[in-house]
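# Overview (structure and organization)
Chain residues, written in single-letter form:
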Amino acid sequence: MSEVVGDVLEEKEPLPGDLAIWFFIMAELLVFGVFFIVYVFVRSNNLELFNTYQLELHREAGVINTIALITSSYFVAMGVHAIKNNNIKQTGRMLLLALAMGFVFLIVKIWEYSHIFGASIHLSTNTFYTFYISLTFFHFMHVMMGMVILGALYYYLRQGGYSAENHQGIETGASYWHMVDLVWIVLFPLVYIIR
Amino acid sequence: MTEARFTSSKKLTIIWIILIILTLSSALVGYFKLSGLYIVSFVLLTVIIKGQMIIDYYMGLKNVRGFWRLAMLGFIFVIPAIIYTGYVLSSSLTF
């Protein structure tokens with residue numbers, strides 16, 4: 001019986017999802033990793049500037065977005081769990097809730113950008129904002145892509161494309177979404193919190 | 001089967017609660033505008049714990065042996081370590 005679901009097995013398990021997505025995830029993490037390292041290096045040469053302008057950011061918006069992405073990841077993980085138990089309705093509900101959290105992230109981020117651009121701040125205002133805008137916007141695009149993937153998963157689920165026996169597609173999309181969350185977990189404290 | 005299912009979803013929920021608590025602890029650091037190496041260490045430690053939980057339980061790599069889990073964990077350990085080193089090397093931090 002497929003009790004693999006219940007975290008009962010402690011022995012080796014296969015990689016979730018399609019192997020190709022893991023190469024893609026590694027490539028994405030490498031790009032973000034380099035971005036983070038360059039940020040730290042440039043910051044060390046512009047300490048006062050970074051510390052000053054970091055305080056102008058909306059930290060509360062960053063916290064809301066972190067909670068939104070973590071909660072979204074939770075719903076996706078619950079969705080994967082549900083499909084492994086062949087609970088199609090529950091999987092659909094979880095994917096929709098994950099998408100809703102993704103929308104919360106986008107709305108808060110757009111609100112943040114509108115404040116920044118409304119204050120005539122742009123990419124070339126100073127080095128800090130160059131990093132802030134480019135890093136967060138690059139991540140923002142990944143969130144949008146992740147939401148398209150979640151939407152496609154929901155569509156194919158409704159078409160009867162997934163079941164307990166055939167859920168690799170959901171695992172693949174879920175892995176990408178968790179990667180988006182993982183990147184934000186580093187990005188948020190780096191840009192908004194630590195100084 | 002019901003038992004296994006319940007345990008697993010319950011575990012995912014407990015992990016979500018821990019992730020939220022860790023996020024709120026970092027939020028407090030931001031709210032009080034705290035700075036210094038102890039604070040940086042604390043926040044980066046929460047990043048590592050959160051990342052490890054997402055990789056192992058949400059991505060489902062806990063029982064996956066070999067390259068991929070190590071590579072993912074490598075990201076969440078190495079990047080905060082480099083960030084920390086960068087902050088240590090920065091001159092104006094107060095300990």
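Structure: above.
Computed from a predicted model, the values in this text were never measured in an experiment. Residue indices follow the written sequence of each chain, beginning from 1 at its first position. Here the convention is simple: chains get letters from A, ligands get numbers from 1, in the order in which they are written. Reporting of local features is limited, given that this is a predicted model, to residues whose pLDDT is at least 70; pairs of side-chain atoms are given and counted only at 80 or more, and all residues count toward the totals for whole chains, interfaces and linings.

### Concerning the overall build of chain B
A run of H or I in DSSP becomes a helix once it reaches four residues, and a run of E becomes a strand once it reaches two; helices and strands are each numbered from the N terminus. Helices and strands together make up the secondary structure of chain B, namely three helices and zero strands. The N-to-C order of helical and strand elements in chain B reads α-α-α. Counting other C-beta atoms within 10 Å of a residue's own tells you its class, since 20 or more makes it buried, 12 or fewer makes it exposed, and anything in between is partly exposed; those C-beta atoms are placed from the backbone. For chain B, the residues scored as buried account for 34% of the 95 residues in total. Contact definition: two residues whose C-beta atoms, as placed from backbone geometry, lie within 7 Å. Intrachain contacts of chain B at a sequence separation of at least 6 include 66% that bridge at least 24 residues.

### Focus on the interface of chain A and chain B
Counting residues at the interface gives 47 residues for chain A, matched by 45 residues for chain B. Broken down by secondary-structure element, the contributors of at least two residues to the side of chain A that touches chain B are helix H1 (19–45), helix H3 (59–84) and helix H6 (168–193) of chain A.

### Some remarks on H6 of chain A
Residue and element names in this part refer to chain A. Multiplying 1.5 Å by the helix residue count minus one yields the expected span of that helix. Spanning 26 residues, H6 covers 37 Å between terminal C-alpha atoms, matching the ideal 38 Å at 1.5 Å per step. In this analysis the local bend is the angle between axes fitted, respectively, to the seven residues ending at and the seven residues starting at the residue. Along H6, the largest kink reaches about 25° and is centred on Leu187; proline Pro189 follows within four residues of it. Within H6, 23 of the 26 residues are buried, which leaves it mostly tucked inside the rest of the structure.

### Observations concerning the packing of H3 of chain A against helix H4 (residues 88–118) of chain A
All names here are of chain A. Axes here refer to lines fitted to C-alpha atoms; in helices the fit is confined to the stretch in contact. Angles between the N-to-C directions go from 0 to 180 degrees. Axis separation between H3 and H4 bottoms out at 8 Å; the angle between their running directions is 165°. Viewed along their axes, H3 and H4 adopt a mutual orientation that is roughly antiparallel. As for how H3 packs across H4, the hand of that crossing is left-handed. Nonpolar residues are Ala, Val, Leu, Ile, Met, Phe, Trp, Tyr, Cys and Pro. Charged residues are Asp, Glu, Lys and Arg, and all others, Gly as well, are polar. Of the residues in the contact of H3 with H4, the class split is 18 nonpolar, seven polar and two charged. Roughly parallel covers angles under 35 degrees, roughly antiparallel covers those over 145, roughly perpendicular covers 65 to 115, and oblique covers all other angles. Working rule for handedness: look at the near helix, and if it is turned counterclockwise from the far one by less than a right angle, call the crossing left-handed; if clockwise, right-handed.

### Details of the environment of Ile149 of chain A
Residues and elements named next belong to chain A. Examined against the element boundaries, Ile149 turns out to sit in helix H5 (residues 127–158). Residues Ile149 and Thr130, spaced 19 residues apart in sequence, show a C-alpha to C-alpha distance of 29 Å. Discounting residues that sit within four places of it in the chain, Ile149 has contacts with Gly173, Tyr176 and Trp177.

### Some thoughts on the packing of H6 of chain A against helix H2 (residues 37–58) of chain B
Two numbers describe how H6 of chain A lies on H2 of chain B: the axes approach to 10 Å, and their chain directions differ by 175°. With respect to H2 of chain B, the axis of H6 of chain A lies roughly antiparallel. Between H6 of chain A and H2 of chain B, the residues in contact are His178, Asp181, Leu182, Ile185, Val186, Pro189 and Ile193 of chain A and Val43, Val47, Lys50, Gly51, Ile54 and Tyr58 of chain B, respectively. Tallied by class, residues from the contact of H6 of chain A with H2 of chain B come to nine nonpolar, two polar and two charged.

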